[in-house]
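Coordinates in review
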Amino acid sequence: AAQCLECIATVLKGICERPDLYTAMEPQLVPLVLQILGNDGAFIEYLEYALDILTFLTYFPDDISPGLWQAFPLIYVAFDQWAFDYLNLMVPALENFIAKAPQHFLAGTTDTPEGRVKYIDLIFSIVAKTVTEERSSESECRKALSLYTSVLHSCTGAIDGYLPMLNDISLGKLGQQVNEELPLTRIAIFQVLGSALYYNPQMELAELEKRGVTQQVFTQWIQDSEKMNRWMPRKITVLGLTAILQLPAGSLPPTVASSIPQLLSSIVSLTEKMKEDSEKEAAAEEDEEGDIEDEADLYDEDDDEGFGEDEDVTNDADEMYMDALNKLSSGGDGDDIARFLIGDDWDQDYDDDDDDCVSPLDEVDTLLFVNDTLKAAFQREPDVYQQVQAALAPEIVGSCQKLFAAADAQRAEEATQQNHT
């Protein structure tokens, strides 16, 4: 049965370019998923496969069918009662539900022994229980916190009443992580706070002020921003900090108003790094295309190099495969071989906090958002921002001017393309 379920998941993965096929398969697959998720854990040995199937069914089609929504409360019941350790596999499907159909998510309710409960309350309960549970790993805490960011990104203007609870949980966890050498969990929390600032900067600043932690949070955030080497944490940090500058300087808390030069320096530095990374990535893609063409040319030539008659025929992939098998047979956790079997790029340094999630923020152009916000702030309060500019290091001022020029050039190029179209 497990092999059949794994085969189904493989088929679903293979037809990702034909989202229409998923809907046609739902009558056979949805009852199967519901059967495994329900029944008080009687089929827990198949839960991983059911969650994989559910993730495919909620990710690739354009809409989420009413039948699939039946699984949403069952995921919570499973998490709450018998499958707490499967949280990392539950979150992708939950994020798909939230991002694909935010209005349905906000309106959805389910019956529980305590009464009628909203779907959003189930999500906030999952995060709170995970983050405050002693047996939760840091990886699980970070995965749970990503549900906060999904709700903030997808439910714009609709969850004001949940910001106090969100801050209680996130800032409480941040207090426990202040002295940790590795900043991964802190960075996950700053993604939540950045998303909250982007959602509503005035309200989020009020929450920080209410708890008296504004200065400590921004000081630690700016320090950890220098250690961010992934796209999404950088982007959310830039968008969150930049959103503060949309507010009049006179309305900002004194600790924030006095820190505008530091905030602006971090914004410019991170934006510049993101721009450089994008350019390097584009150049690398061009080089890769050239390498593929070169390899095709090489195959046309006679190449007598190979292995001698007394040599074993080996390659790097075979050696890594055998290393994974050896680890498995010697009592390892089997992660390497599992990643190989499911097709992951398992020879790289594996990070549980990857950038493979999909967010409405993907549609926000970071460079243009920073450019438009800063120019509007200078026009709105020229005296204030002239003082801010005077307090900036010369290299930051130069970088800011380069970003403005890059944004103007990007806008001009987009306008030219639209005219051609």
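Whatever comes next refers back to the structure up there.
I will try to describe carefully the structure that is included in this document. Model, not experiment: these values are computed from the prediction.

With respect to the overall build of the protein
The number of helices and strands found in the protein is 21 helices and two strands. Looking at the protein as a whole, 43% of its 421 residues are labelled buried. Within the protein, contacts between residues separated by at least 24 positions form 74% of all contacts whose residues are at least 6 apart in sequence. Summed over all atoms, the accessible surface of the protein reaches about 22700 Å², with 50% contributed by carbon and sulfur.

Regarding the pairing of strand β2 (residues 115–118)
Alignment of strand β1 (residues 109–112) against β2, held across four bridges, turns out to be antiparallel. Bridge pairing links Thr109 to Lys118 in β2. Counting the residues between successive antiparallel strands, the hairpin from β1 to β2 contains two residues.

Things to note about helix α6 (residues 87–100)
Residue pairs three or four apart in sequence face the same way in an α-helix, which turns once every 3.6 residues. Compared with the 20 Å implied by 1.5 Å per residue over 14 residues, the 20 Å span of α6 between its first and last C-alpha is a close match. Taken together, the buried residues of α6 touch α3 (47–59), α4 (66–69), α5 (71–81), α7 (102–107), α8 (119–132) and α9 (138–154).

Topic: a negative patch on the surface
Taken together, the side chains of Glu281, Glu285, Glu286, Asp287 and Glu288 make up a negatively charged region of the molecular surface. Inspection of the secondary structure assignment puts Glu285 in helix α16 (residues 260–299).

Description of the packing of α9 against helix α11 (residues 184–199)
The N-to-C vectors of α9 and α11 enclose an angle of 10°; their axes lie 9 Å apart at closest approach. Accordingly, the angle class assigned to the pair α9 and α11 is roughly parallel. In this structure, α9 contributes Glu138, Arg142, Leu145, Tyr148, Thr149, Leu152 and His153 to the contact, and α11 contributes Leu184, Thr185, Ala188, Ile189, Gln191, Val192, Ser195, Ala196 and Tyr199. Grouping the constituent residues of the contact of α9 with α11 by class yields nine nonpolar, five polar and two charged.

Considerations on the side chain of Thr366
Topologically, Thr366 is positioned in helix α19 (residues 366–380). We classify Thr366 as buried; its relative accessible area is 8%. For Thr366, the contacting residues outside a window of four places in its chain are Lys235, Val238 and Met274.

Re the packing of helix α10 (residues 163–177) against α11
Close contact between α10 and α11 brings their axes to 10 Å; oriented N to C, the two are set at 150°. Judged on the interaxial angle alone, α11 and α10 are roughly antiparallel. Once α10 is placed against α11, the crossing between them reads as left-handed. Within the contact between the two elements, α10 uses Leu163, Leu166, Asn167, Ser170, Leu171, Lys173, Leu174 and Gln177 and α11 uses Thr185, Arg186, Ile189, Phe190, Val192, Leu193, Ala196 and Tyr199. Here the residues of the contact of α10 with α11 sort into ten nonpolar, four polar and two charged.

Description of the packing of aromatic side chains
Counting across every chain of the model gives 16 aromatic pairs. Taking the centre distance of 5.7 Å and the plane angle of 40° together, the rings of Trp69 and Phe72 count as tilted. Pair check on accessibility: Trp69 and Phe72 agree, each one buried. A ring pair is formed by Trp69 and Phe97, whose centres lie 4.8 Å apart and whose planes are at 50°; its orientation type is tilted. One end of the pair, Trp69, is in helix α4; the other, Phe97, is in helix α6, with 28 residues separating them in the sequence.

Topic: the environment of Pro66
Relative to the helices and strands, Pro66 is located in helix α4. Judged by relative accessible area, which is 67%, Pro66 ranks as exposed.

Some remarks on the pattern of salt bridges
Tallying each qualifying case throughout the model produces 15 salt bridges. The shortest N-O distance in the salt bridge between Glu381 and Arg380 comes to 3.2 Å. Looking at Glu381, the relative accessible area reads 15%, which means it is buried.

Some thoughts on the environment of Lys100
By secondary structure assignment, the location of Lys100 is in helix α6. Distance in space between the C-alpha atoms of Lys100 and Ile64 is 7.1 Å, their sequence separation being 36 residues. What Lys100 contacts, discounting residues up to four positions off in sequence, is Thr58, Tyr59, Phe60, Pro61, Asp62 and Ile64.

As for α11
Under the 1.5 Å per step criterion, the end-to-end length of α11 is 23 Å for 16 residues, consistent within 8% with the ideal 22 Å. Taken across its 16 residues, α11 has 14 buried, putting it largely inside the fold.

Parameters at a glance
- Residues numbered from 1 in each chain as written.
- Predicted model: local features only at pLDDT ≥ 70, side-chain atom pairs only at ≥ 80, totals over all residues.
- Heavy atoms only, no water.
- Helix = DSSP H or I, 4+ residues; strand = E, 2+ residues; numbered from the N terminus.
- Buried < 20%, exposed > 50% of the residue type's maximum accessible area, 1.4 Å probe, protein only.
- Contact = heavy atoms within 4.5 Å.
- Areas by Shrake-Rupley, 256 points an atom, 1.4 Å probe, with all protein chains shown as cover.
- Pairing = 2+ DSSP bridges.
- Expected span 1.5 Å × (residues − 1).
- Patch = residues over 30% accessible without salt bridge, like charges linked within 9 Å, V, L, I, M, F, W, Y side chains within 5 Å.
- Salt bridge = Lys/Arg side-chain N within 4 Å of Asp/Glu carboxyl O.
- Lys, Arg positive; Asp, Glu negative; His and termini not counted.
- Charge placed at Lys NZ, Arg CZ, Asp CG, Glu CD.
- Axes fitted to C-alpha atoms, helices over the stretch in contact; angles between N-to-C directions.
- Parallel < 35°, antiparallel > 145°, perpendicular 65-115°, else oblique.
- Nonpolar A, V, L, I, M, F, W, Y, C, P; charged D, E, K, R; others polar.
- Left-handed = near helix turned anticlockwise from the far one by under 90°.
- Phe/Tyr/Trp six-rings, centres within 6.5 Å; stacked < 30°, edge-to-face > 60°.

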